[in-house]
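Chain by chain, the residues run as shown.
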Amino acid sequence: MMNRFTYSVLVSLLFLSTTLYAQTRTVNGSVKDASGSGIPGAGVKIKGTTKGTSTDGNGAFKLDAVAVDAMLEITAIGYETQSVAVPASGDVNVTLKDAATSLDEVVISVGSRNSKRTLTDTPLPIDIVSTNDLRSTGQPTFDKALQYRVPSFNTVQTPVNDATSLLDPYEIRNMGPSRTLILINGKRKNSSALTYIQTSPGRGESGADISAIPTEAIKRVEILRDGASAQYGSDAIAGVMNIILKDKFEYGSVTLNTGITHKGDGGVVGLTLNNGANFGKNSYINYTVALSHVGQANRPGIVSAEAEADDNLGFGAPLSQVQAFLKLKPDAGNINGAPETAAAKFAVNGGFGLTENTELYYTGAYVFKKVNSFANYRTPYWRPTDFGLLTPAGSPYLGYVPTFEGDLNDYNATLGVRSEKNGWKSDVSFTTGGNKQVYTVSNSVNRGLGKNSPIQFKPGGYSFSHNVGNIDLSKSLSERVNLSLGTEFRAENFTIIAGDTASYATAPGADSFPGTSAANAKTSTRYNFGGYVGLGFDITKDFLIDGTARVEKYSDFGNAFVWKISSRYKFADDKVTLRASISTGFRAPSMAQSNLQLAQASFVPGQGIQTKGIVNNYSPQAFLLGVPKLKAENSVNFTAGLGLNPNKNFSATLDFYSIRVDNRIILSSEIAAGSGPQAAALNKILADNGIVAVSFFVNGMNTITQGLDFVANYKNVVLGKGKLAFNLAGNYTIKNEKVGEALTPSLIKSAGQSIIDATQEALLLTSRPRYKAILGVDYVVGKMNFNLNNTLFGPTTFRQNGLNSNLKTVFEPKVVTDLGANFQIGKSVTLGLNINNILNVMPKWNLVALNAAGEAVLKDAKQVFNNINLITFNGRYSNVTYDGSHFSQLGTTFAANLNFRF
């Protein structure tokens, strides 16, 4: 029989167990945004544990065995993190706010340093692209993902690779890669060491290697579509791209990427880890490691035997010999399309709270990239022998294809301290960064050395580095007036790396890519010091004016003073916004433009591969030709726009821009000996210096670029059990043209020549789409998300070297359709599938007459045949022509990614 004590103990234990059991429960809930739309993929985690889940496509979630009063932490990129206690009963429904810091950083980083404002307050047009937007494109690199998300951003793989295969030229608003400033967390990213010197878009310019940044490390991208030299100094003529890295740790993830083209080549495989930790009150670290390999994709054309055998178009070899070889290799052995690329990318972003109001922060990134591509195949009727060095004994000689291999190392790092005291906000930082490229040519010979030639060469390379110090201060002087000021010191170093002796000794050097001679190798340095002051005035809560002025001093070209004024006015309960800005800007000549000197092999229509030279502006040759030293470009930017936000589901912006650039730096067309008495002086200088043809950098032209940007979004359209969202964005170039005549040095001009020929002018001004539009539709239902994007690439125009002067080539407008889907197949697993260019649309170009003489040419089949072969190297580049295209040429591609959260 149970005594009273035993009974009491049992009752107590029963009560305790019942209480403990009652303290855990299954929690159902939802996570929505301010408009009431569910947020898919939001993280729901029990604080202090590793247990959690993520929301489905409608923003719903379920968690089992959760203790009552436990704290749930709700996170989603672009929204403020929120914590909520688990109630004893009922669902947990959470509404997340847009991250205030996210909107503030957009403006602080790329709009105005004066004060924090939300996106609806900014007087400047800004694109915001999230990491989910980038990932959903299915594109293998960051730059290619932007191509299909931002209409004013353009990049394309060039058909002729060489060193350009390491990073493709990109640009905003058709202004060239060097006129967009790249920032990482608001700090200047180093430029690439490479200057594009092939006949492709971006010729004569350099840009930062944004393809080196792992997509999974990015929180969002902010693109300011307006001149910003007054805030940031040189290079910000077309705009600023600020890449914000993931910061406070929310969850770890592993992503596996794979893909392939419809032809079974260009296979992609990649593995990315993003992880981190939060510690202390305000300290965190977030890091990313990404490893990837992209296989070679080959898209050669069918080569014309008749053109190859022609004296003017080809090599003048017997037709029977050409036909015999092309029977074995109809594409003449050419390999072009997309090179093989292997890359290892690392990024880290962290902060450490020193005090309540002071933070030590740091970022770092490093990439190693190796690219294997090929030069044009050396056919046996082009190169009659390889001196027995490349063909095994006893085997018939069939020519050879030189390889081009590039090794790229790129790094950047920032260490800084942010603090706030007595109303003053300060940011003191040091940034370092660099880019080094070295090249290898294999399976080739130096014909000048004959049988003594090696078959592998190290032709040299380039390196660039900079060190940047920044001090930025800001203070609210009153509720309406904000002050900012700061200074920057930057030191730059550019090195031309000499090749091994065999790569350049004895003309013509390594076949396909002659090395840099010791005489042309050099190291150059410079520094600049600048300061700015800005004032923002909220005249009313709806009307604001921002003004900034900046001075710069460069050690190699002098001083610059620029300014900017911007304003916006809101009315109709903030549903309508008018905005405008006007500014002056400048771009200092890059270190490469000032110092590059080399010999370069390139295709010359009708003449095959020729070696030509580039001389720098400090050389004796440039002095004799009357080429002046470089000075800074100057610009005047004007932007005016309208923003509409009539309800929570619809928004639209329309912005006009006008950019006038004076003294624009270009790489000149090739200057060679002329005919007639007026060319005698020029011919003598060229002959006395052993110059066949020479190019140089020069402040060669004035340009004006005008256009329109349009962005519209409409969301929360109910369809069945899901919701639709529509987005339409477009860019239209009204005008992009030269103003006045080319600024040709007098000696060259008196010889009847110009530093800008039709080819160079087309590459600069018309080689990017005249217009581009992206229409996207997103559909979310349950745990599935579907997106359909149609990208319209407008026409591009080229005037290729060798093309009849009465003709031009025009690429037709084309629509590329991409289909993507995401499936949440578990609490922590998401599968993404993409079919890009689902209709297998390829670039298509046509010869177009400029006048009546051109129309006569197009009626003559023989002349049409000749001109087509001239600009495609007899059919080797029939898909896109030798100079370029308006989008990449690989056709349909398939991609998949599997993401695991932990």
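These numbers were taken from a predicted model, which means no experiment stands behind them.

As for the sheet that holds strand β14 (residues 239-245)
An order of β8-β13-β14-β11-β12 is seen for the five strands of this open sheet, with the pairing classed as mixed. Each edge of the open sheet is held by one strand with a lone partner, namely β8 (126-130) and β12 (187-188). Across two bridges, the pairing between strand β11 (residues 180-184) and β12 is antiparallel. Within the sheet, the bridge partner assigned to Leu183 lies in β12 and is Arg188.

Considering the pattern of salt bridges
Counted according to the given criterion, the structure contains 37 salt bridges. Of the charged contacts in the structure, one is a salt bridge between Asp226 and Lys564, with a shortest N-O distance of 3.0 Å. With Asp226 in the loop between β13 (218-224) and α5 (229-232) and Lys564 in strand β28 (residues 558-571), this pair connects stretches of sequence that are 338 residues apart. Accessibility classification places Asp226 together with Lys564 in one group, the buried group. Two residues, Arg526 and Glu492, come together in a salt bridge whose shortest N-O distance is 2.7 Å. With Arg526 in strand β26 (residues 522-538) and Glu492 in strand β25 (residues 481-497), this residue pair connects regions lying 34 residues apart in the sequence. This pair shows no difference in class: Arg526 is buried, exactly as Glu492 is.

Thoughts on the packing of aromatic side chains
Tallied over the full model, the rule gives 27 aromatic pairs. Both rings, one in Phe325 and one in Tyr381, keep their centres 6.0 Å apart while their planes meet at 85 degrees; by these two values the pair is edge-to-face. Taken together, the positions of Phe325 in helix α7 (residues 319-328) and Tyr381 in the loop between β21 (358-374) and β22 (403-421) put the pair 56 residues apart, joining distant regions of the chain. Across the pair, Tyr381 and Phe325 agree in class, each one buried. Here the aromatic residues Phe315, Phe325, Tyr377, Tyr381, Trp382 and Phe873 are joined through ring pairs into a cluster of three or more. In this structure, Arg418 packs its charged tip against the face of Tyr361, placed 4.0 Å from the ring centre.

Here we look at α7
When we look at burial in α7, the residues that qualify are Val322, Phe325 and Leu326. Seen from one end, α7 has its buried residues packed into an arc of 95 degrees, which puts them on one side. The exposed set on the far side of α7, more than 90 degrees from its buried face, consists of Ser320, Lys327 and Leu328. At its buried positions, α7 is contacted by α6 (305-309).

Overview of the nonpolar core
The tendency in soluble globular proteins is for nonpolar side chains to be buried side by side. With 31 residues, the main nonpolar core has Tyr439, Tyr462, Phe494, Leu596 and Phe697 as its most contacted residues. Elements represented by at least two residues in this core include exactly β21, β22, β23 (424-442), β24 (456-476), β25, α9 (591-595) and β33 (650-667). By residue number, the principal contributor to this core is β24, which donates three residues.

Some words on empty space enclosed by the protein
All chains considered together, the criterion is met by 18 cavities of 30 Å³ or more. Of the voids in this model, the second largest cavity is the one considered here, and its volume is about 380 Å³. Arg188, Ser191, Asp235, Glu492 and Ser590 are, among the 31 residues lining the second largest cavity, the residues nearest its centre. Those elements that place two or more of their residues in the lining of the second largest cavity are β11, β24, β25 and α9.

Comments concerning the side chain of Arg225
Of note, Arg225 is situated in the loop between β13 and α5. Looking at Arg225, its side chain comes within polar contact range of the side chain of Asp709, at 2.9 Å.

Structural notes on a positive patch on the surface
Residues Lys32, Lys648, Lys715 and Lys723 make up a contiguous surface patch of positive charge. With respect to the helices and strands, Lys648 occurs in the loop between β32 (633-647) and β33. Overall, Lys648 belongs to the exposed group, its relative accessible area being 56%.

Looking at helix α15 (residues 861-872)
Look at α15: 17 Å from first C-alpha to last across 12 residues, which is about the 16 Å you get at 1.5 Å a residue. Along α15, the residues that are buried comprise Val864, Asn867, Asn869, Leu870, Ile871 and Thr872. N-cap assignment for α15: the residue whose side-chain oxygen lies 3.0 Å from the backbone N of Lys862 is Asp860. Count one or two residues on from α15 and you reach Phe873, which has phi positive near 50 degrees.

Considering the environment of Ser206
The topology assignment puts Ser206 in the loop between β12 and β13. The exposure class assigned to Ser206 is buried, which follows from its relative accessible area of 8%. Among all residues touching Ser206, those that are not within four sequence positions of it are Pro177, Ser178, Ser191, Ser192, Leu194 and Thr195. There is a polar contact of 3.1 Å between the side chain of Ser206 and the side chain of Thr195.

Details of the sheet that holds strand β5 (residues 71-75)
The four strands are arranged β3-β2-β5-β6 in an open sheet whose pairing can be described as antiparallel. With one partner strand each, in any of the chains shown, β3 (52-54) and β6 (82-85) form the two edges of the open sheet. Going from strand to strand, the sheet's axes swing by 20 degrees on average, the running direction of each strand aside. Two elements, β5 and β6, share four bridges in a ladder whose sense is antiparallel. In the strand pairing of β6, Leu72 is matched with Val84.

Structural notes on unusual backbone geometry
Between Ala507 and Pro508 the backbone carries a cis peptide bond, its omega angle lying at 5 degrees. Inspection of the secondary structure puts Pro508 in the loop between α8 (501-504) and β26. For Phe873, which is not glycine, the phi dihedral falls at a positive 50 degrees. Examined against the element boundaries, Phe873 turns out to sit in the loop between α15 and β45 (893-901). Of note, the phi angle at Thr881 is positive, near 70 degrees, even though the residue is not glycine. For Thr881, the location among the structural elements is in the loop between α15 and β45.

Digging into the confidence of the model for the protein chain
The predicted coordinates ought not to be read in detail in places where the model reports low pLDDT. When the pLDDT values of the protein chain are averaged, the result is 88; 92% of them are 70 or greater. Every residue in residues 9-22 is under pLDDT 50, and counting partners more than four places away or in other chains gives two contacts. Within the model, the stretch residues 100-109 combines pLDDT values under 50 with 32 contacts to residues more than four positions away or in other chains.

What about the environment of Asn867?
Here Asn867 shows up in helix α15. Among the residues examined, Asn867 registers a relative accessible area of 5% and is labelled buried. For the pair Asn867 and Lys263, spaced 604 residues apart in sequence, the C-alpha separation works out to 29 Å. In this view, Asn867 contacts Gly802, Leu803, Asn804, Leu807, Leu847 and Val857; residues no more than four positions away in its chain are not counted. Of note is the side chain of Asn867, whose polar atom sits 2.9 Å from the backbone nitrogen of Asn804.

What counts and how
- Residues numbered from 1 in each chain as written.
- Predicted model: local features only at pLDDT ≥ 70, side-chain atom pairs only at ≥ 80, totals over all residues.
- Heavy atoms only, no water.
- Pairing = 2+ DSSP bridges.
- Helix = DSSP H or I, 4+ residues; strand = E, 2+ residues; numbered from the N terminus.
- Salt bridge = Lys/Arg side-chain N within 4 Å of Asp/Glu carboxyl O.
- Buried < 20%, exposed > 50% of the residue type's maximum accessible area, 1.4 Å probe, protein only.
- Phe/Tyr/Trp six-rings, centres within 6.5 Å; stacked < 30°, edge-to-face > 60°.
- Lys NZ or Arg CZ within 6 Å of the ring centre and 35° of its normal.
- Arc of directions from axis to C-beta.
- Contact = heavy atoms within 4.5 Å.
- Core = buried A, V, L, I, M, F, W, Y, C linked by side-chain atoms within 4.5 Å.
- 1 Å grid on protein atoms, 1.4 Å probe; cavity = no way out; pocket = protein on both sides within 12 Å on 5 of 7 lines; lining within 4 Å.
- Points joined across faces, edges and corners; volume = space filled by probe spheres on them.
- Polar contact = N/O pair within 3.5 Å; in protein donor to acceptor, adjacent residues only side chain to side chain.
- Patch = residues over 30% accessible without salt bridge, like charges linked within 9 Å, V, L, I, M, F, W, Y side chains within 5 Å.
- Areas by Shrake-Rupley, 256 points an atom, 1.4 Å probe, with all protein chains shown as cover.
- Lys, Arg positive; Asp, Glu negative; His and termini not counted.
- Charge placed at Lys NZ, Arg CZ, Asp CG, Glu CD.
- Expected span 1.5 Å × (residues − 1).
- Axes fitted to C-alpha atoms, helices over the stretch in contact; angles between N-to-C directions.
- pLDDT = per-residue confidence, 0-100.

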